[in-house]
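Chain by chain, the residues:
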Amino acid sequence: MATFVLVPGLFLGAWAWEAVAAELEAKGHRAVAVTLPGLAERAGDDASDIGLASHADAVAEVLAAEGPGTVLVAHSYGAFPCVAAVDRRPELVSRLVFVDTGSPETGESVVLTMPQLDLPAAVTGDAVPVPKEIPAVHGVPEAEHERWLRLATPQPVRTVTEPVELTGDWLRVPTTGVFCLSSGLTMEFARSLHATGMPRFAKLAEPGVTFFELATGHYPMLSAPLELAEALEHAADGGGRSLYDN
């Protein structure tokens, strides 16, 4: 049995992981879905008091409560607080899984690394408003899309503008990438990044680093929860392809 801690991306709460968590638990695992401060059922928190460090603290608290051997799963924006938390306590995490996202470098923020989101232009006061829809390319079923529109909440703005501060200790933890093909993340793209020779991409080809590709879009917990749960289960055992597998 593995313990999975599931951290959502922008605008989401633990609710987004319900189907994946149920599938993992049906397979005999423990699944802990996280709602970060200021979001979903915690939307009543004062957004002006919540920054990226607040979200990293929240993830670190869950990891400490669960103890060593946790598989930490980060979707999209969730990579930022998850990497920061693992950097503090790498001994608690057996594997860090990135779901349709990359890993930040110290000093980087969401607005710096995800300019396509145009987040500064969307900011209203202390929060980034929820987008009006999920583009059809991501394949989210209508019922799940409606649920997303109903449950998604504005993102505290300092979580996307504050830079992440890292020592590099998180790099000792084995990682898995789950690429969602409709988003444009693929094994081929990862190989092209590694081929640049930039130090930040060196880990992609390290032993024990694995990858999965899912034929879906950026919200696989909504569009392909069974397939995502299966990939996470295999990832916990070190499954998946290495970067240069055929």
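Residues numbered from 1 in each chain as written. Predicted model: local features only at pLDDT ≥ 70, side-chain atom pairs only at ≥ 80, totals over all residues. Heavy atoms only, no water.

## A short note on the packing of aromatic side chains
Selection rule: Stacked, edge-to-face and tilted labels apply to pairs of Phe, Tyr and Trp rings (six-membered ring for Trp) whose centres lie within 6.5 Å, assigned for plane angles under 30 degrees, over 60, and everything in between, in that order. The cut-offs for exposure are 20% and 50% of the maximum accessible area for each residue type, with area from a 1.4 Å probe on protein chains only; residues under the lower value are buried, those over the upper are exposed, and the others partly exposed. Secondary structure elements are taken from DSSP: a helix is a run of H or I of four residues or more, a strand is a run of E of two residues or more, and numbering for both begins at the N terminus.
Enumeration over the complete set of coordinates arrives at 4 aromatic pairs. Between Tyr77 and Phe80, the ring centres sit 6.5 Å apart and the planes meet at 10°, which makes this aromatic pair stacked. Summarising the burial analysis for this pair, Tyr77 and Phe80 share the class buried. A ring pair is formed by Phe98 and Trp170, whose centres lie 6.1 Å apart and whose planes are at 80°; its orientation type is edge-to-face. Separated by 72 residues along the polypeptide, Phe98 in strand β4 (residues 93–99) and Trp170 in the loop between α7 (158–161) and β7 (175–180) bring together distant segments of the chain. The residues Phe98 and Trp170 share a single accessibility class, namely buried.

## Some words on the packing of helix α2 (residues 52–66) against helix α3 (residues 79–88)
The following threshold applies: Under this scheme, a helix contributes an axis fitted over its contacting stretch, all axes are lines through C-alpha atoms, and angles between N-to-C directions fall in the 0 to 180 degree range. In what follows, roughly perpendicular refers to angles from 65 to 115 degrees, roughly parallel to angles under 35, roughly antiparallel to angles over 145, and oblique to any angle outside these ranges. In this scheme, a crossing is called left-handed if the near helix is turned counterclockwise away from the far one by less than a right angle; it is called right-handed if the turn is clockwise. Residues are treated as being in contact if the distance between any of their heavy atoms lies within 4.5 Å. For this classification, the nonpolar set comprises Ala, Val, Leu, Ile, Met, Phe, Trp, Tyr, Cys and Pro, the charged set comprises Asp, Glu, Lys and Arg, and every other residue, Gly included, is treated as polar.
At a minimum axis separation of 8 Å, α2 and α3 run at an interaxial angle of 55°. Between α2 and α3, the angle falls in the class oblique. Both α2 and α3 take part in a crossing whose hand is right-handed. In contact with Leu52, Ala53, His55, Ala56, Asp57, Val59, Ala60 and Leu63 of α2, α3 contributes Phe80, Pro81, Cys82, Ala84, Ala85 and Arg88. Partitioning the contact of α2 with α3 into residue classes produces 11 nonpolar, 1 polar and 2 charged.

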